[in-house]
Amino acid sequence: PDDAYVLRGEIRSARFADVHGHADARDAFVIDCTALTRMDFISAGALLNSLSTVRRTGKQIVFHRPNYLVAELFSVVGLTAIATIVFAKR
């Protein structure tokens with residue numbers, strides 16, 4: 001989606017300070033993971049903390065097209081409890 005929050009490349013030790021500003025401007029918060037190759041555990045935890053706050057405002061959160069390695073990490077840290085994952089169609 002054109003107005004999605006985009007994650008790309010290899011993400012390490014990220015804090016995602018800009019998540020709240022991006023989420024505030026939208027009804028549904030879509031995170032485009034198409035170009036995301038990897039993310040470390042620390043960053044995934046930080047993303048969970050940021051998105052938990054967004055979710056408490058009632059917004060729907062959708063991860064769009066993560067690879068299976070990233071999706072599994074999201075599941076392990078608990079992101080799938082607050083967000084939906086939409087995989088690429090084959």
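Going by the structure above, here's the rest.
Sequence order sets the numbering: in each chain, residues are counted from 1 along the sequence as written. Whole-chain, interface and lining totals are the exception, using all residues; otherwise, since this is a predicted model, local features are given only for residues with pLDDT of at least 70 and side-chain atom pairs are given and counted only at 80 or more. The basis for every side-chain value is the complete set of heavy atoms in the structure, and neither hydrogens nor water enter the calculation.

*Asks:* Any chance you could explain helix H3 (residues 68-77) here in plain terms?
*Replies:* Each α-helix turn comprises 3.6 residues. Residues three or four places apart therefore point the same way. Here the term buried applies to any residue with accessible area under 20% of the maximum for its type, exposed to any over 50%, and partly exposed to those in between, with areas from a 1.4 Å probe on protein chains only. Here a strand is any run of E in DSSP of at least two residues, a helix any run of H or I of at least four, and the numbering for each starts at the N terminus. Three or more residues of H3 are buried, namely Val70, Ala71, Leu73, Phe74 and Val77. One side of H3 carries all its buried residues, which in axial view fall inside an arc of 160°. Turned more than 90 degrees from where H3 packs its buried face, Tyr68, Leu69, Glu72 and Val76 sit exposed. Those residues of H3 that are buried are in contact with strand S2 (28-39), helix H2 (41-56), strand S3 (60-64) and strand S4 (84-86). Structurally, the start of H3 carries an N-cap: the backbone nitrogen of Leu69 is 3.1 Å from a side-chain oxygen of Asn67. In this context, the arc is that of the directions from the helix axis out to the C-beta atoms. Contacts are assigned to residue pairs that have any heavy atoms within 4.5 Å of one another. For this analysis, a polar contact is any N or O atom pair within 3.5 Å, provided that within protein one partner can donate a hydrogen and the other can accept it, and provided that sequence-adjacent residues contribute only side-chain to side-chain pairs.

*Asks:* How do you make sense of the environment of Ser52 when you look at a structure like this?
*Replies:* Within the secondary structure, Ser52 is located in helix H2. Among the residues examined, Ser52 registers a relative accessible area of 18% and is labelled buried. Taking the C-alpha atoms as reference, Ser52 lies 9.3 Å from Ala83; in sequence the two are 31 residues apart.

*Asks:* Just checking my understanding: could you explain the nonpolar core for this structure?
*Replies:* Proteins that are soluble and globular tend to have nonpolar side chains buried together. Joining through side-chain atoms within 4.5 Å is the link that ties buried Ala, Val, Leu, Ile, Met, Phe, Trp, Tyr and Cys residues into a set, and such a set is a nonpolar core. Core analysis: the largest hydrophobic core is formed by 27 residues, its most contacted members being Leu7, Phe16, Met39, Leu47 and Leu51. In terms of residue count, the dominant contributor to this core is H2 (6 residues). Excluding its chain neighbours within four sequence positions, the residues that come into contact with Met39 are Leu7, Ile11, Phe16, Ala44, Leu47, Leu73 and Phe74.

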